[in-house]
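Chains, contacts and geometry: an overview
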Amino acid sequence: MRRMRFSSQEVRRSFVEFFVSQGHVQAPAASLVPDTMSNTLFTIAGMEQFVPAFLGEAPPPAPRVVTVQRCLRVAGAKSDIENVGRTGRHGTFLEMLGNFSFGDYYKRDAIVWAWEYVTSVIGLEPAKLYVTVHENDDDAAVLWQREVGLEAARITRFGDENFWTMGPTGPCGPSSEIFYDTGAQHASSPSDVGPNRGDRFVEIWNLVFQQYNRAADGTLAELRTKNIDTGAGFERLLAIANGAASMYETDLFTDLIAAQPAVGRTSLGASEQLVRRRIIADHARAATFLVADGVYPSNTDRGYVLRFLVRRAIRNGKLLGYPSGFLTELVPPVVASLTSGYPQLETARSKIEHALGAEELIFNRTLERGNAMLAELLRTAQERGGQLAGSDVFVLHDTYGFPAELTREIAAEAHVPVDLPGFEAEMEQQRERARADAHKKRAVVSVADLPATVSQFTGYDGLEADGRVLSLLRDGRTVDSITVGDEAQVVLDSTSFYAEKGGQIGDHGVLEYIDRDGRIATFVVTDTQYAGEAIAHRGVMRDGALSVGDAVHTAVDPAWREEIRRHHTSAHLLQRALKDVLGDEVVQAGSWVGIDRMRFDFRSPGGALTPEQRRDVVARVNAMIRDDHHAHTQVMTAADAAASGAISMAGEHYGDAVRVIRFGPSLEFCGGTHAHTTGELGVFLILSEASIGSGIRRIEAVVSKAAENYVLEQQELVGSLAQSLSARPGEVMQRVERLQSDVRELQQALAGIKARLASADAATYVGRAETIGGKRVVAAVVPEADAMALKELADGIKQRMGSGVVALAGTDGQNVALLVAATADVVAAGVHAGTLLKTAAPLVEGRGGGQAAQAQGGGKNPAGAEAALDAIRAALAE
């Protein structure tokens, strides 16, 4: 192995130290989950966190900034997924070294410092460096020649290749790139003699001269200040600095490849094995950082991308013959390789291992079934010379957890095209169904329907306030006034109504307006929602009329708010109790707070709560209630809040100032409304605890009046049961168990009688035997027969028949039991009972299988029983 001149840690540190010496301030890296204003799914560039500063919408952290930014590129224009592991320069997870100027220095200093770093600090040979500039950027071309001394022959001009944009909109501008010549031995073709012509010249640095903002219609407007945004690909630069042809030969990857299990049984050649090992190393890095930044596997958005990467890595491991659980075991080596630059990974290691381990277990359970289905679909497509249908890709995605990208990749290996438009059509239909369902649940005000409006919420201080009508919407359109009976949305400049946010539902109540004649106009609010930064009160005009500009009095329903804030407070106490009982790996995944119950979703390190854990959690919450902790609220910076130990919601983005609420040992970021003291909650009860997704549990609970009502209902229920069973309340469970035991015994006795009666009829069935394909066959529908009865009957028929096939369909209510059996000589002749049963099962809307001598199954369509037997007859005739 080549001895490295520079370690990854040394290059990271040298870059930061160089630019700090040039007056830059090191800013912390942003999360892989970008700010909500971003138009990208993940952070794809170092400049992304500074977009507001480039646009002049927010002050920059300093005039000159240097960062080391983690990025993920797996979708869209910046995606490198197809080339990962197959070239030495592409990966999904990467680090960008960046130096930035916000209206301070411009092209000259950016060019000079970039050249100084790569030649003087890293020590690259100047003779091997080439640059590109935008075709219209004469200034940059002149600076490279005059300030650096680069001859004109090593400067190439391009069009779109040297105009950088983060996406369809946002800051952008011409760029200048530095390329390193790796030598003629790496040329893609004889024409590969300069940048952007092949693999020989590797881009190591991109200097972007941010001077425009691209609008949605594509037009370019000059930014208020001219800025510098540079990005040096860390992995590529590290490889070049060490004389390596591939980033996979640096310490970022060599340790991860070495940490993988020994290659087991595989059909892959040596070179393809190395590609797959590189893919696994890359995806393990990406998955580790995604979980650390609060992303978990799911079927939507960022979670879907993580699931795809994890499952793609697992599948590659299967192709290499790796044992189950290998990906989780790669987490410690990944953390060790990156912890020098990202110490937070060590703290998150347990969380990462649990998330990846859970996903690996889930995928392993579905992989065998999904692989079998996909293999059959691909075989059929190959025989017919067709493509893989979009509907089949959707079933694999929706039922077996195969991301469409993974299906496409497997199909490509089999040289079968995929109907991706058909898949997208299926997905769109699913999304449309979801949108229609959401629309039924609640009418939503569109931000586009409102003028730019910001409403002030004053409800922390009380239930009533005064405000002025800014906008009125009726039937989705803005109007000047509304009258009695109108259903509408009212937007105020200031309100005491809490708009639904953070899982807490919106307030109910009334808005009142007193006209010049002293008449009171009343608008009844049935829901409160955000529309952008505006708060929209949805309801109906009960009395009078209301117009834009009217001054109104807002009054929240006290009982509504009281029960909501108590249930909201219980969510805080529950999270504290869960962390105390299960450990700090518990992470909130969502919540819903209503007037009569609360839902709390969380990622559990150990699956379902045991009965002991459930009792412990409930006891801890009720202890905090009895301690009557008073609410203490502070507004502070997000950094100070995090330093105080306050719990934040993973993946949420917080502004400069956040509200922190404390109830004794519970301390959280939260902008909702809460009880004044925990004693108000009365008692806490868990109604249910169940799984709602991969590694996510949901607890439904009640407090206050809802808890009282629940206890009374349960008491009445137990009392009624006790009376019906002629038992005392404490004896109900014992009496029910005894009754259940009696029922089971009676059912078994009845089944035995049916089986003996069926067996006694065996001679009758043998007398009706058919001859099909030279074999004796008994095929019959048996009324009121379950699987046990069919087995007894089939055994009796085989004994009397001696040689042949038995195919029985037992109907019992709405269920069908199927059984196919074959004698040894018939099996030797090629008959397979399992195959025959699989032929018949779909006709009764069922499934089943088994061995050559006997197979069983079932279905839910008794009307198809005769057709199922006919299918078996036809198969035997063939």
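For every chain, the first residue of the written sequence is number 1, and numbering continues from 1 along that sequence. The model is predicted, so local features are restricted to residues of pLDDT at least 70 and side-chain atom pairs to those at 80 or more, both for listing and for counting; the totals for chains, interfaces and linings are taken over all residues. Excluding hydrogens and water, the side-chain figures rest on all heavy atoms present in the structure.

Paired strands are those between which DSSP finds at least two bridges. Counting from the N terminus, the helices are DSSP H or I runs at least four residues long and the strands are E runs at least two residues long. Relative to strand S22 (residues 598–603), strand S21 (residues 587–593) is paired through 6 bridges, and the arrangement is antiparallel. Within S22, the position partnered with Val 587 by the bridge is Arg 603.

Cavity means a closed set of points on a 1 Å grid over the protein atoms alone, one where a 1.4 Å probe fits but cannot get out, pocket means an open set with protein on both sides within 12 Å along at least 5 of 7 lines, and lining means a residue has an atom within 4 Å of a point. Grid points are joined across faces, edges and corners, and a volume is the space filled by probe spheres set on the points. Summed over all chains, the structure comprises 3 cavities of 30 Å³ or more. Volume-wise, the largest cavity comes out at about 120 Å³. Taken together, 11 residues form the lining of the largest cavity, with Tyr 296, Lys 351, His 354, Ala 355 and Arg 603 sitting closest to its centre. Looking at which element gives the most residues to the lining of the largest cavity, the answer is helix H11 (residues 344–384), with 4 residues.

Ring pairs shown here join Phe, Tyr and Trp side chains whose ring centres sit within 6.5 Å, with only the six-membered ring taken for Trp; geometry is labelled stacked below 30 degrees between planes, edge-to-face above 60, and tilted in between. Evaluated as defined, the whole model comprises 22 aromatic pairs. With 5.4 Å between their ring centres and 85° between their planes, Phe 15 and Tyr 117 make a pair best called edge-to-face. Placement of the pair is Phe 15 in helix H1 (residues 8–20) and Tyr 117 in helix H3 (residues 107–121), with a sequence separation of 102 residues. Relative accessible area decides the class of each residue, using a 1.4 Å probe on protein chains only: under 20% of the type maximum gives buried, over 50% gives exposed, and in between gives partly exposed. Exposure remark for Phe 15: the relative accessible area of 0% places this residue in the buried category.

Before going further, it helps to spend a moment on unusual backbone geometry. Backbone geometry at Asn 196 places phi at a positive 65°, although glycine is not the residue there. Along the chain, the position of Asn 196 falls in the loop between strand S7 (170–181) and strand S8 (201–214). What makes Asn 196 partly exposed here is its relative accessible area of 39%. In this model, Glu 784 sits at a positive phi of 50°, which is unusual for a non-glycine residue. Residue position: Glu 784 is located in the loop between strand S29 (775–783) and helix H21 (787–801).

Bringing the pattern of salt bridges into the picture now. Once their charged atoms are close, side chains differing in charge can pair, the charge on each being opposite to the other. Any carboxyl oxygen of Asp or Glu that lies within 4 Å of a side-chain nitrogen of Lys or Arg is treated as forming a salt bridge with it. Tallied over the full model, the rule gives 41 salt bridges. Between Glu 346 and Arg 349 there is a salt bridge; the shortest N-O distance is 4.0 Å. In this pair, Glu 346 and Arg 349 are both assigned in helix H11, 3 residues apart and thus about one turn of the helix distant. Between Asp 870 and Arg 873 there is a salt bridge, with the nearest N and O atoms lying 2.7 Å from each other. In this pair, Asp 870 and Arg 873 both sit in helix H24 (residues 865–877), 3 residues apart, roughly one turn of the helix. We classify Arg 873 as buried; its relative accessible area is 18%.

Quick look at the packing of helix H23 (residues 833–840) against H24 now. The axes used here are C-alpha line fits, helices contributing only the stretch in contact, and every angle between their N-to-C directions lies in the interval 0 to 180 degrees. Look at H23 against H24: their axes get within 8 Å of each other, and the N-to-C directions meet at 135°. Accordingly, the angle class assigned to the pair H23 and H24 is oblique. With respect to the hand of their crossing, H23 and H24 are arranged in right-handed fashion. Contact residues: Leu 836, Thr 839 and Ala 840 in H23; Ala 868, Ala 871, Ile 872, Ala 875 and Leu 876 in H24. For classification purposes, angles smaller than 35 degrees are called roughly parallel, those larger than 145 roughly antiparallel, those between 65 and 115 roughly perpendicular, and all remaining angles oblique. Take the far helix as the reference: if the near one is turned anticlockwise from it by less than a right angle, the crossing is left-handed, and if turned clockwise, right-handed. For this analysis, residues touch if any pair of their heavy atoms sits within 4.5 Å.

The subject of this paragraph is the pairing of S7. With 12 of its 12 residues buried, S7 lies for the most part within the structure. With 5 bridges connecting them, strand S4 (residues 129–134) and S7 associate as antiparallel partners. Directly across from Val 133, in S7, lies its bridge partner Ser 176. In the sheet, strand S6 (residues 163–165) pairs with S7 via 3 bridges, with the strands oriented antiparallel. When the sheet's bridge partners are listed, Thr 165 is paired in S7 with Cys 172. Once S6 ends, the chain turns through 4 residues before running back antiparallel as S7. By the bridge criterion, 10 bridges tie S7 to S8 in an arrangement that is antiparallel. Note that in S8 the partner of Tyr 180 across the bridge is Val 202.

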